[in-house]
Amino acid sequence: MKSRDNLNDYVAFVTVAREKSFTRAAAQLGVSQSALSHTIRGLESSLGVRLLTRTTRSVSPTDIGLRLLDSLSPRFEEISNEIAAIGDTLDKPAGTIRISATDYAIQTILWPRLGKVLKAYPDINIELINDYGLTDIVANRFDAGVRLGEQVTNGMISVRIGPDMRFIAVASPEYLGTHGIPATPHQLAMHRCINLRLPSHGGFYVWEFAKDGKEVKARVDGQVVFNSVYQVVDAAIDGYGIAHVPEDLVSEHIAQGTLQQVLDEWTPYWDGLHIFYSSRRQSSKAMNIVIDALRIKNA
């Protein structure tokens, strides 16, 4: 089996295999899709094996391609970290920090605080990816993720960035006037509820309640489903049913009377939002600056 001297060809392969898309990989590498496809075909020809299986809708590594990907990925990651470490020896911290978080976390915590970082450190780049899927941040090449404290992956370093929070059930006064007010989470089964789909699981977000030490997980149904909590709030205001959302997202609507809270006595506080990352990211100056900006002391 012949190998090629051009390391860029292998970088191209790893990027396509990770992204499972020529479109996303080409955008990431800054090349055209046709040029990237030509590079991969040339690499496969040189090695004498098929590395990727292509269909009209997806791209995935073959068994041999997956073996090569598993071998190359950690090595390229080490190289990338070493290059970043070299950059961190300069006076100006530099590099790109990729963070997986929900749009709620991005809108309420990450962007308000990290926008200031970008102005203070022009050589730091920040990529915020909206994600409700509890993504494996290491496998998907994120530098960090943001989740509730209880959802943080074991073995990760975790830093609190938000206070304890509640997810509350709300609906418009018009909806409740027509359909009545549920007295327990079990009665939600008789109501129209606005669902939030979780992409990685293919199912819906489960509403969690607790009272007097008793926990209840409610699976609800309704006319509409969204993959963003902001659209869920809008639909609740418009009278399409009951929503289960972060309290601070709807507090003004409750004060204004456009939404009304229900099941308040069933609504506990949860461990607040945390940013988490693997130990290998501790040495990056850029990462340390981002973490420090997000700590709850800056709230």
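Provided above is the structure to which this section pertains.
1. Let's talk about the pattern of salt bridges
Under the criterion given, the structure shown has nine salt bridges. With a closest N to O distance of 3.1 Å, Asp 164 and Arg 160 form a salt bridge. With a shortest N-O distance of 3.1 Å, Arg 166 and Asp 264 are connected by a salt bridge. Of this pair, Arg 166 sits in the loop between strand E6 (157–160) and strand E7 (167–171) while Asp 264 sits in the loop between strand E14 (260–262) and strand E15 (273–277), placing them 98 residues apart in sequence. Given the relative accessible area of 11%, Arg 166 is considered buried. Overlapping salt bridges, with partners in common, bring together Glu 19, Arg 24 and Arg 141 in one network.

2. Here we look at the sheet that holds strand E4 (residues 124–130)
Sheet architecture is open: five strands sit in the order E4-E3-E5-E15-E6, paired in mixed fashion. Two strands bound the open sheet, and with one partner strand each, they are E4 and E6. Mean inter-strand twist for the sheet, computed between neighbouring axes without regard to direction, equals 25°. One ladder, built from seven bridges, connects strand E3 (residues 95–101) with E4; its direction is parallel.

3. Quick look at the layout of surface pockets
Volume-wise, the second largest pocket comes out at about 790 Å³. Of all the secondary structure elements, the ones that give two or more residues to the lining of the second largest pocket are E3, helix H5 (103–120), strand E5 (144–148), strand E8 (195–198), strand E9 (203–204), helix H7 (229–237), strand E13 (243–246) and E15. Of the residues forming the lining of the second largest pocket, the biggest block, four residues, is contributed by E5. In terms of residue class, the lining of the second largest pocket is built from 23 nonpolar, nine polar and six charged.

4. Looking at the pairing of strand E10 (residues 207–211)
The sheet contact formed by E10 and strand E11 (residues 214–218) spans five bridges and is antiparallel. Across the sheet, Phe 209 pairs through a bridge with Val 216, a residue of E11. Connecting E10 to the antiparallel partner E11 that follows it, the hairpin turn spans two residues, and Asp 212 within it adopts a positive phi of roughly 55°.

5. A look at the packing of aromatic side chains
Two numbers describe a pair of aromatic rings. These are the distance of the centres and the angle of the planes. Following the criterion strictly, the structure yields one aromatic pair and no others. With 6.2 Å between their ring centres and 45° between their planes, Phe 167 and Tyr 205 make a pair best called tilted. Highlighted residues: Phe 167 in strand E7 and Tyr 205 in the loop between E9 and E10, separated in sequence by 38 residues. In this arrangement the basic side chain of Arg 98 is found over the ring face of Phe 142, its NZ or CZ atom lying 4.4 Å from the centre.

6. Quick notes on the packing of H7 against helix H8 (residues 247–256)
Interaxial distance between H7 and H8 falls to 11 Å at its minimum, and their mutual angle equals 20°. Taken together, H7 and H8 sit at an angle that is classed as roughly parallel. For the pair H7 and H8, the sense of crossing is right-handed. Residues Val 229, Tyr 230, Val 233 and Ile 237 of H7 form the contact with H8, whose own contacting residues are Leu 249, Val 250 and His 253. Considering only residue class, the contact of H7 with H8 consists of six nonpolar, one polar and no charged.

7. Some thoughts on the sheet that holds E7
With antiparallel pairing, three strands are arranged side by side in an open sheet as E13-E7-E14. Here the strands that pair on one side only, and so sit at the sheet edges, are E13 and E14. Between one strand axis and the next, the sheet turns by 50° as a mean value, whatever way the strands run. Bridge count for E7 against E14 is three bridges, and the pairing is antiparallel. Bridge pairing links Ala 169 to Val 262 in E14.

The rules behind each value
Residues numbered from 1 in each chain as written. Predicted model: local features only at pLDDT ≥ 70, side-chain atom pairs only at ≥ 80, totals over all residues. Heavy atoms only, no water. Salt bridge = Lys/Arg side-chain N within 4 Å of Asp/Glu carboxyl O. Helix = DSSP H or I, 4+ residues; strand = E, 2+ residues; numbered from the N terminus. Buried < 20%, exposed > 50% of the residue type's maximum accessible area, 1.4 Å probe, protein only. Pairing = 2+ DSSP bridges. Axes fitted to C-alpha atoms, helices over the stretch in contact; angles between N-to-C directions. 1 Å grid on protein atoms, 1.4 Å probe; cavity = no way out; pocket = protein on both sides within 12 Å on 5 of 7 lines; lining within 4 Å. Points joined across faces, edges and corners; volume = space filled by probe spheres on them. Nonpolar A, V, L, I, M, F, W, Y, C, P; charged D, E, K, R; others polar. Phe/Tyr/Trp six-rings, centres within 6.5 Å; stacked < 30°, edge-to-face > 60°. Lys NZ or Arg CZ within 6 Å of the ring centre and 35° of its normal. Parallel < 35°, antiparallel > 145°, perpendicular 65-115°, else oblique. Left-handed = near helix turned anticlockwise from the far one by under 90°. Contact = heavy atoms within 4.5 Å.

Note that every value here comes from positions in space, so none of it alone points to a role or purpose.
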